[in-house]
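# Reading the structure
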Amino acid sequence: MSGCPFGGDQQPPATPQPNGSEASPSETSHGENRRMSRRGLLGLAGVGGAGAVAGIAAGLLGHDTLAAVAAPPAANDSVVPFFGDRQAGITTAAQDRLHMAAFDVTTDDRAALVELLKDWTAAADAMASGQTTGATGAVDGPYDAPPEDTGEALDLDAGRLTLTFGFGPSLFEKDGKARFGLDGKRPDALIDLPHFPGDALEPGRTGGDIVVQACADDPQVAVHAIRNLARIGFGKVRVRWSQLGFGRTSSTSRAQQTPRNLFGFKDGTNNLKAEDTALLDEHVWAGAGSRTGEAWMEGGSYLVARRIRMHIEIWDRTSLREQEGLIGRTKGEGAPLSGGKEFTAPDFAIKGNDGEPLIGMESHVRLAHADQNDGVRMLRRGYNYTDGSDGLGHLDGGLFFIAFVKDPRTHYVPMQMTMAKEDVLALEYLKHTGSGLFAVPPGVKQGGFIGEGLFT
Amino acid sequence: MPGFSSPQTRRTVGARLAVVAATAILPLALSSCTDNAGANASGTTDGPIQVTSTDAECKVSAAEAPSGNLTFAVKNDGAEVTEFYVLAEDGLRIVAEVENIGPGITRNLVLTAPAGKYITACKPGMKGDGIRADFTVKDSGKQATVDADLQKLVDTGVSQYAAYVKDQTEQLVAGTKEFATAYAAGDAAKAKSLYAATRMHWERIEPVAESFGDLDPKLDAREADLEPGQKWTGWHRAEKDLFPPAGYKALTAAERGALAKQLVADTAELSTRTRTVELSADKLGNGAKELLDEVARGKVTGEEEIWSHTDLWDFQANVDGARIAFENLKPVLQQKDAALAKDLDAKFSALQAELKKHAKGDGFAYYNELGKDEVQKLSSLVDALGEPLSKLTAAVVL
């Protein structure tokens, strides 16, 4: 929140409002009284209006106060309820930041695993509501004990945090043996992904028993969420890999502008949107399957995660002609090369004077388009990432691809196989270094817990 | 002006021009946030000359411009695909063109124009003579000297490169036969000694060889790039067999024989096909750049020769190929952008000097013998060369 826009408008310091007060009912996601609100101040701001905001000491609570000034009645806007029929973080308007972590379950005890999922449910609900985890939070516990909540998200609002949980194939079976009494429960659609040409998967960035996708508007909120879940899970789970993402690379709502990936192109123009409910039913939400053992997935989805390293330095040396040709869209407007504006449908038939289609046969847009893929579509939710340098002076950065699909066998594998084989962009400028496929169960109802259907 | 009103669009146009401007002989007056629509009929062009092509009209915002670098921003406001040409006074010779502009799309045409009379033409539907108008370039006093023999230099460079490709493929065919014979006969020691040296002929002309989409995977596919069910043939299949990893099951004599035979046959086919490849200056320029990209992506990382670790042979060969393409274009480049030519000379030399440090006998050190510092040094020299090399094509073709 640094920067000029607020510089001239800051209010003189005043007495800080007491923290830790009861949150107002309007602040919580479902009307319960909360013991401890991480965002007590903002709650007051929401209730009291501009006057309350003006009374907050900008100097003492700079970041937070400025956020409050920027969006005064934001208390509820910043909360995406955790409980619901579907998990949040799928069709939720894509937040700007990601922290995703995959865990390996280290215990063999089914009851311990269920207990953990219950603990995670409570913590996830609290954090999504903008509150601290645990009974005593970050600062209200015994003086001689470490605080239950790690505290780095104190003073921040909920940041539209969503936590989305999924189960990997290895949760169900390992070395051919069923785990946790889950015989027959592994959905048929939860396949082991095949090797795609060009895959350079690193074991330490691939797979995992349980995945948690934390998305928020503030990176600190997303990092806090995974950190606290990992902490709760010590002894039962171990983080296998995690990934930070910045800059969403797709829109999941028509209210959002199409963002750009690290190649500088708009990404996700034709993505499925939250508003496309019929298409979501057709392409994103899983059905009950054909066996009773997989019925627990009805209303869930499948999460595909791919860490796609971009050879950015090489791309930057590529002519604009080639860049646009490879993508099949203009870099500025994002219009298909066949003409029009960004949202004009690509015309794959229209040809140039050399008799070749304006949108090349090997262009990304053509190969990825539903028309070329039996009409199947996916809901993409990827993020740009950079993990510093690769030791050769090149940016270790790219796209952390995330997609939600009804069935990866029909909605992901065929398309990815085509792209890996024919997409010049993929062949020359991309390298897949991490991978994961997870079954994302339906949403958690009040009083329930994550993946309850799988364990009952 | 539609397309130039928002800051977003202006920045994009500025970025496009910046790429070209860096290669330009004369600095183009670019003020990134000024009004690009300032071009007017009086001939003072601060920004791109606006061209609006509709199905019936070809509006050019200026009828004249000072000599030097000119930018036409061609907007297709028609319903059909269009093209825009700058023709010489005779109306026949094409000075510059931008093709395949889809409806609604704007594309820039950047050219270096000496003083003289020209004709502009939009060609909606890409048919006929187009909608033409006269265009005058006045002497600005700082115009580029364009050698009348420039095209001749380009032609010479391209034909020299064609001869190079021919020579390399002939050596590749001969070397492959020798390698295949030794390999099929089970003479692993001889096959190993020929492996890296023979592949160098392939790596030197890789952009040409790779242009055959069916042959490239047959000859040069790495195991990681295979798709399920794809038959693995070519050099890297033999590599794994000759430099086996732990637990590897060797090919049988019959399998080796079949692989060797296939390798020879595919190489012969490649050689035949390269004879009819049409080369041009931009292909040379882009090819040189692609070779450096290959180095940056696969060789400097040790991914290409994952079992034999002979990546430095490939590295050297890629650099050779890029340097030859550059040398063939150099006479042209020296006239159009002497500074870039000089820069490229220096960067090629620096990279070559570093590479030479790792020479051993007729070949090189194995990749896994290099220290991290050494790899980093090579990598940064590749980047240092790759960046200016990416400007070669536009500098020569513009």
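Residues numbered from 1 in each chain as written. Chains lettered and ligands numbered in written order. Predicted model: local features only at pLDDT ≥ 70, side-chain atom pairs only at ≥ 80, totals over all residues. Heavy atoms only, no water.

## A short note on the overall build of chain A
Along chain A, the regular secondary structure elements total 14 helices and 11 strands. Per-residue burial over chain A gives 56% buried out of 456 residues. A separation of at least 24 residues holds for 75% of the contacts in chain A among residues at least 6 apart in sequence. With an accessible surface of roughly 18,000 Å², chain A has 53% of that area assigned to carbon and sulfur atoms. (Helix = DSSP H or I, 4+ residues; strand = E, 2+ residues; numbered from the N terminus. Buried < 20%, exposed > 50% of the residue type's maximum accessible area, 1.4 Å probe, protein only. Contact = heavy atoms within 4.5 Å. Areas by Shrake-Rupley, 256 points an atom, 1.4 Å probe, with all protein chains shown as cover.)

## A look at the interface of chain B and chain A
Contacts between the two partners involve 34 residues from chain B and, on the opposite side, 34 residues from chain A. With both chains or domains summed, chain B and chain A bury close to 2,700 Å², and 50% of this area falls on carbon and sulfur atoms. The interface formed by chain B and chain A includes six salt bridges. Two residues, Asp383(B) and Arg317(A), come together in a salt bridge whose shortest N-O distance is 2.6 Å. Our count for the chain B to chain A interface comes out at 15 residue pairs in polar contact (both at pLDDT 80 or more). If you list the elements that add at least two residues to the side of chain B that touches chain A, you get helix H1 (7–21), strand E5 (82–88), strand E6 (94–101), helix H8 (281–299) and helix H11 (372–389) of chain B. Ranked by residues supplied to the side of chain B that touches chain A, first place goes to H11(B) with six residues. Taken together, the residues of the side of chain B that touches chain A sort by class into 11 nonpolar, 10 polar and 13 charged. (Buried area = accessible area lost by both parts, 1.4 Å probe. Salt bridge = Lys/Arg side-chain N within 4 Å of Asp/Glu carboxyl O. Polar contact = N/O pair within 3.5 Å; in protein donor to acceptor, adjacent residues only side chain to side chain. Nonpolar A, V, L, I, M, F, W, Y, C, P; charged D, E, K, R; others polar.)

## Overview of the nonpolar core
Inside soluble globular proteins, nonpolar side chains tend to come together where they are buried. In this structure, Trp120(A), Leu163(A), Leu171(A), Phe179(B) and Phe315(B) are the most contacted members of the largest nonpolar core, which totals 150 residues. Beyond its immediate sequence surroundings of up to four residues, Phe315(B) is in contact with Val295(B), Lys299(B), Val300(B), Leu351(B), Leu355(B), Leu378(B) and Val382(B). Formed by 22 residues, the second largest nonpolar core is a distinct cluster that contains Ile49(B), Val98(B), Leu109(B) and Cys122(B). (Core = buried A, V, L, I, M, F, W, Y, C linked by side-chain atoms within 4.5 Å.)

## Remarks on the state of the cysteines
All names here are of chain B. Throughout the structure, instances matching the rule amount to one disulfide over all chains. Disulfide partner of Cys58: Cys122, at an S-S distance of 2.0 Å. Sign of the S-S torsion, about 60° for the bond between Cys58 and Cys122, identifies this disulfide as right-handed. Of this pair, Cys58 sits in strand E2 (residues 58–60) while Cys122 sits in strand E8 (residues 116–122), and the two are 64 residues apart along the sequence. (Disulfide = S-S within 2.5 Å.)

## Some details on the pattern of salt bridges
Within this structure, the stated rule accounts for 53 salt bridges over all chains. Here Asp96(A) ties to Arg248(A) by a salt bridge, and the two come within 3.7 Å at their closest N and O atoms. In this pair, Asp96(A) is assigned in the loop between helix H3 (62–70) and strand E1 (97–105) and Arg248(A) in strand E6 (residues 237–248), connecting sequence segments 152 residues apart. Taking the relative accessible area as the measure of exposure, Arg248(A) reaches 14% and is therefore buried. Of the charged contacts, one joins Arg199(B) and Glu304(B) as a salt bridge, the two residues approaching to 3.1 Å between their closest N and O atoms. Taken as a pair, Arg199(B) in helix H3 (residues 188–204) and Glu304(B) in the loop between H8 and helix H9 (311–336) lie far apart in primary sequence, 105 residues in all. In this structure Arg199(B) comes out as buried when scored by relative accessible area, which is 0%. Overall, Glu304(B) belongs to the buried group, its relative accessible area being 6%. Residues joined in a network through salt bridges with shared partners are Glu428(A), Arg199(B), Glu203(B), Glu206(B), Asp220(B), Glu294(B), Arg297(B), Lys299(B), Glu304(B), Glu305(B) and Asp314(B).

## Quick notes on the sheet that holds strand E7 (residues 106–113) of chain B
All names here are of chain B. What the four strands build is an open sheet, ordered E2-E1-E4-E7; its pairing is mixed. The two strands at the open ends of the sheet, each matched to only one other strand, are E2 and E7. Each strand of the sheet is rotated relative to its neighbour by a mean of 20°, with strand direction disregarded. In this structure, strand E4 (residues 68–76) lies alongside E7, joined through eight bridges in antiparallel fashion. Note on E7: the bridge partner recorded for Gly68 is Ala113. (Pairing = 2+ DSSP bridges. Axes fitted to C-alpha atoms, helices over the stretch in contact; angles between N-to-C directions.)

## Some points on the packing of H3(B) against H9(B)
Residue and element names in this part refer to chain B. Between H3 and H9, the least distance of the axes is 8 Å, while the angle of their chain directions is 30°. Pair H3 / H9 crosses with right-handed handedness. Of the residues in H9, those in contact with Ala196, Ala197, Arg199, Met200, Glu203 and Arg204 of H3 are Trp313, Asp314, Gln316, Ala317, Asn318, Asp320 and Gly321. Its residues placed into classes, the contact of H3 with H9 shows five nonpolar, three polar and five charged. (Left-handed = near helix turned anticlockwise from the far one by under 90°.)

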